Amino acid sequence: MDFNMKKLASDAGVFFSRAVQFTEEKLGQAEKTELDAHFENLLAKADCTKNWTEKILHQTEVLLQPNPSVRVEEFLYEKLDRKVPSRVTNGELLAQYMVEAANDFGPGTPYGKTLLKVGETQKRLGGAERDFMHSASINFLNPLRSFLEGDWRTISKERRILENRRLDLDACKARLKKAKAAEAKASAEHELRVAQTDFDRQAEVTRLLLEGISSTHVNHLRCLHEFVESQTTYYAQGYQYMLDLQKQLGRFPGTFVGNAGSTSPPPATTSPTTVAATIPVVPTVGRAPNPATAVEGALNLNDVKPPASGTRKARVLYDYEAADSRELALLADEMITVYSLPGMDPDWLIGERGNQKGKVPVTYLELLS
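Residues numbered from 1 in each chain as written. Predicted model: local features only at pLDDT ≥ 70, side-chain atom pairs only at ≥ 80, totals over all residues. Heavy atoms only, no water.

1. As for helix α5 (residues 110-178)
And then number 1: Relative to the 102 Å expected for 69 residues at 1.5 Å per residue, α5 spans 96 Å between its end C-alpha atoms, a close match to the ideal helical length.
And then number 2: In the structure, α5 departs most strongly from a straight axis at S137, where the bend amounts to approximately 40°. (Helix = DSSP H or I, 4+ residues; strand = E, 2+ residues; numbered from the N terminus. Expected span 1.5 Å × (residues − 1). Bend = angle between axes of the 7 residues up to and from the residue.)

Shown next as structure tokens:
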């Protein structure tokens, strides 16, 4: 292999000269060409952008995929330019287990029926999570990663070149100061002019790249809006899926009943005191009515009268859409009057709002004293 000895010697000389200049600057024995304040601000802004972009990128990856082993696997596939294998989400895996359990327990049993309903919702949640992860990766992670692996590497390379040009310039200034003979001084002045030209040219290139950081912020701002929209869609879907599931489970009160005297548990937001609260039953006169007859009478809303005592106020926890004319539609956080009738299913109450009345599910209410 042929070597250009002159070039090799020249490169070695340049490297040695830069090393000497850098060392003398650190020791305070040589002057250093300072960049203007605007340039320094651009450098600081670029470093700040790079550092925070790395942190935001990493934490978003953790948010989308908490399992570090899976993240490493996906990173390796990406570096090998191979397609990442499709894998089920945690929600989809939970749905699969619930469906299999329901088939073993019996899909016709209360527990099995509920497992199927919940499993179906978990599968939908898993699908929504998959869509969110895909959208966030394309619209948010990829642009951040592209900046770090593309634009930032270019900026870092040009900054290193600029630093070398500055060291060369300062070394030329030092040689000019030390030159005594006219010939040596003329040579040093020529080298200084060349070094100054190279430094100014590289400083302009680097400055233009650094000013492009503002455009990067604008692009990342757009990507951030898209990320928020994807996340909003994901959580809205999850909220709607769970509301639908609650309504389905509310129409199968038997799925919550452990024994004949138990009632369905309220949502997690309901306090233990509320769980223990009961609605007084309208007292009867004379012969005890047949439960079936009482229920039928309760469903005839025109004949339903609130008891003289025993009504309570309740705050609605969630929106509820009435299934038919016998039910009362609810809006979250509104206050209604509720009471029970003899023979009514314990999972339902009669609710009144002004001139409107109808059946309402207990699980959607917080009973107040």
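Still more ground to cover, so stick around.
2. Looking at the side chain of E334
And then number 1: Turning to its location among the elements, E334 is positioned in the loop between β1 (312-316) and β2 (335-339).
And then number 2: Judged by its relative accessible area of 15%, E334 falls in the buried class.
And then number 3: Within the structure, E334 has its side chain in polar contact with the side chain of R353 (distance 2.8 Å).
And then number 4: Setting aside anything within four residues of it in sequence, one finds E334 in contact with A314, R315, V316, A329 and R353. (Buried < 20%, exposed > 50% of the residue type's maximum accessible area, 1.4 Å probe, protein only. Polar contact = N/O pair within 3.5 Å; in protein donor to acceptor, adjacent residues only side chain to side chain. Contact = heavy atoms within 4.5 Å.)

3. A closer look at the packing of helix α4 (residues 90-105) against α5
And then number 1: Orientation of α4 relative to α5, taken along the N-to-C sense of each, is 165°, at an axis distance of 7 Å. Judged by the angle between their axes, α4 and α5 are roughly antiparallel. Our pair here, α4 against α5, has a crossing hand that is left-handed. Here α4 contributes G91, E92, L94, A95, M98, V99, A101, A102 and F105 to the contact with α5, which in turn contributes Y111, G112, L115, L116, V118, G119, Q122, K123, G126, G127 and R130.
And then number 2: Partitioning the contact of α4 with α5 into residue classes produces 11 nonpolar, 6 polar and 3 charged. (Axes fitted to C-alpha atoms, helices over the stretch in contact; angles between N-to-C directions. Parallel < 35°, antiparallel > 145°, perpendicular 65-115°, else oblique. Left-handed = near helix turned anticlockwise from the far one by under 90°. Nonpolar A, V, L, I, M, F, W, Y, C, P; charged D, E, K, R; others polar.)

4. Topic: the confidence of the model for the protein
And then number 1: On average, the protein scores 81 in pLDDT, and the residues at 70 or more come to 74%.
And then number 2: By mean pLDDT, helix α8 (residues 272-276) is the weakest element of the protein at 38, and helix α2 (residues 37-64) is the strongest at 95.
And then number 3: Confidence over residues 252-298 falls short of pLDDT 50; this stretch has 66 contacts with residues more than four positions distant or in other chains. (pLDDT = per-residue confidence, 0-100.)

5. Details of the sheet that holds β1
And then number 1: Pairing in this open sheet of 5 strands is antiparallel, and the strands run β4-β3-β2-β1-β5 from one edge to the other. On the outer flanks of this sheet lie β4 (356-361) and β5 (365-367), each paired with one strand and no other. Adjacent strand axes in the sheet meet at a mean angle of 40°, parallel and antiparallel pairs treated alike.
And then number 2: Bridge count for β2 against strand β3 (residues 348-353) is 3 bridges, and the pairing is antiparallel. (Pairing = 2+ DSSP bridges.)

6. Concerning the pairing of β3
And then number 1: Most of β3 is tucked away, with 5 of its 6 residues classed as buried.
And then number 2: Remark: 2 residues form the turn of the hairpin made by β3 and β4, two consecutive strands paired antiparallel; G354 in that turn has positive phi of roughly 65°.

7. Focus: the packing of α5 against helix α6 (residues 182-211)
For any two helices packed against each other, one specifies the crossing angle of their axes together with the interaxial distance.
And then number 1: The geometry of α5 relative to α6 is characterised by a closest axis approach of 8 Å and an angle of 160° between their N-to-C directions. Taken as axis vectors, α5 and α6 run roughly antiparallel relative to one another. As for the relative orientation of α5 and α6, their crossing is left-handed in sense.
And then number 2: Considering only residue class, the contact of α5 with α6 consists of 14 nonpolar, 4 polar and 11 charged.

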